[in-house]
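One letter stands for each residue in the lines below.
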Amino acid sequence: MQRSRPRRLLPIVLFVATGLSTFLVGGPAFSLALMLTLLAHELGHYLQARRYGVPASLPYFIPMPISPIGTMGAVILMAPGMGNRRTLFDIAITGPLAGLIPALFCCVLGLQWSEVVVVADNQMGLALGEPLLFKLLVYLTFGPLAEGQDVILHPVAFAGWVGVFITALNLFPIGQLDGGHVLYALLLRRAHALAKGLLLAAAAAVVVWGYWGWTLMLILLVWMGPVHPPTANDGVPLGTGRTVLGWASLLFVPLGFTPMPFYVPT
């Protein structure tokens, strides 16, 4: 019992610290909405792992008060090589699906509380990139914006934007990201070549278009490796429903991701 206390204490401490760091950068409404989204995502993974008997840690939240969103997300640690192909798929897909529900709710509700303003040409500040899905939600809420107009997001809408972006980022089909697990469950060893190609394409995009803010992410992906390890039983079929859901989840990436999440207008 004594050995388990540090394993339980650290996730609690990190959860509180992340709640504080998100509060410092965005206030209570932003912090509550974002922490709910992150918690739903990680509990989706954790509860599925427990359901299938795969040993998993409690979620480890990562505070980062110097960033615009106050966190680098959260992770759970699971024993590798356990469970079968279907187990891997279910654990991987449940996190993004669970987190996307509160993220979309925060987007819709928060946009109702947001405001359209006229932005002066010389007004400077940090601007948000707009994924296609978020652009659609803004259009459905406010209609077409006139030239010189912009939307000042309510903190809850900002948290929803972060949730959509993080979900899409996690669904990139590379290595140990959620999308990497999903892709391996769909294609097995055939996923390796595709994941390697996507990683090379991402590195090329960083260099060609100057997206240098993604350098650390690329280093982490290279360090983790694009090649996914096999499950304990890769021969278990996914079935039609899981296959359709898996490909649909990967198609969410171009809808929810933007290569420039934060930028300074010129």
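Because the structure is a prediction, the values reported are computed rather than measured. (Residues numbered from 1 in each chain as written. Predicted model: local features only at pLDDT ≥ 70, side-chain atom pairs only at ≥ 80, totals over all residues. Heavy atoms only, no water.)

Draft legend 1. Seen up close, the packing of helix α2 (residues 85-112) against helix α5 (residues 178-187). Where α2 contacts α5, the axes come no closer than 9 Å and their chain directions differ by 145 degrees. Remark: the crossing between α2 and α5 carries left-handed chirality. In contact with Arg85, Leu88, Phe89, Ala92, Ile93 and Pro96 of α2, α5 contributes Asp178, His181, Val182, Tyr184, Ala185 and Leu186. Of the residues in the contact of α2 with α5, the class split is 9 nonpolar, 1 polar and 2 charged. (Axes fitted to C-alpha atoms, helices over the stretch in contact; angles between N-to-C directions. Helix = DSSP H or I, 4+ residues; strand = E, 2+ residues; numbered from the N terminus. Left-handed = near helix turned anticlockwise from the far one by under 90°. Contact = heavy atoms within 4.5 Å. Nonpolar A, V, L, I, M, F, W, Y, C, P; charged D, E, K, R; others polar.)

Draft legend 2. Main features of the packing of α2 against helix α4 (residues 155-170). Relative orientation of the contacting elements α2 and α4 amounts to 150 degrees, with a least axis distance of 7 Å. Between α2 and α4, the interaxial angle falls into the category roughly antiparallel. Pair α2 / α4 crosses with left-handed handedness. Taking contact as the criterion, the partners of Pro96, Leu100, Ala103, Leu104, Cys106, Cys107, Gly110 and Leu111 in α2 are, on α4, Val156, Ala157, Gly160, Trp161, Gly163, Val164 and Thr167. Looking at the contact of α2 with α4 residue by residue, the class counts come to 11 nonpolar, 4 polar and no charged. (Parallel < 35°, antiparallel > 145°, perpendicular 65-115°, else oblique.)

Draft legend 3. Region of interest: unusual backbone geometry. The backbone of leucine 188 sits at a positive phi, close to 55 degrees, despite the residue not being glycine. By secondary structure assignment, the location of leucine 188 is in the loop between α5 and α6 (191-209).

Draft legend 4. Representation of the state of the cysteines in the model. Summed over all chains, the structure comprises 0 disulfides. Between cysteine 106, a cysteine without a disulfide, and cysteine 107, which holds the nearest cysteine sulfur, the sulfur-to-sulfur distance is 7.3 Å. Overall, cysteine 106 belongs to the buried group, its relative accessible area being 5%. Since its relative accessible area comes to 0%, cysteine 107 is described here as buried. (Disulfide = S-S within 2.5 Å. Buried < 20%, exposed > 50% of the residue type's maximum accessible area, 1.4 Å probe, protein only.)

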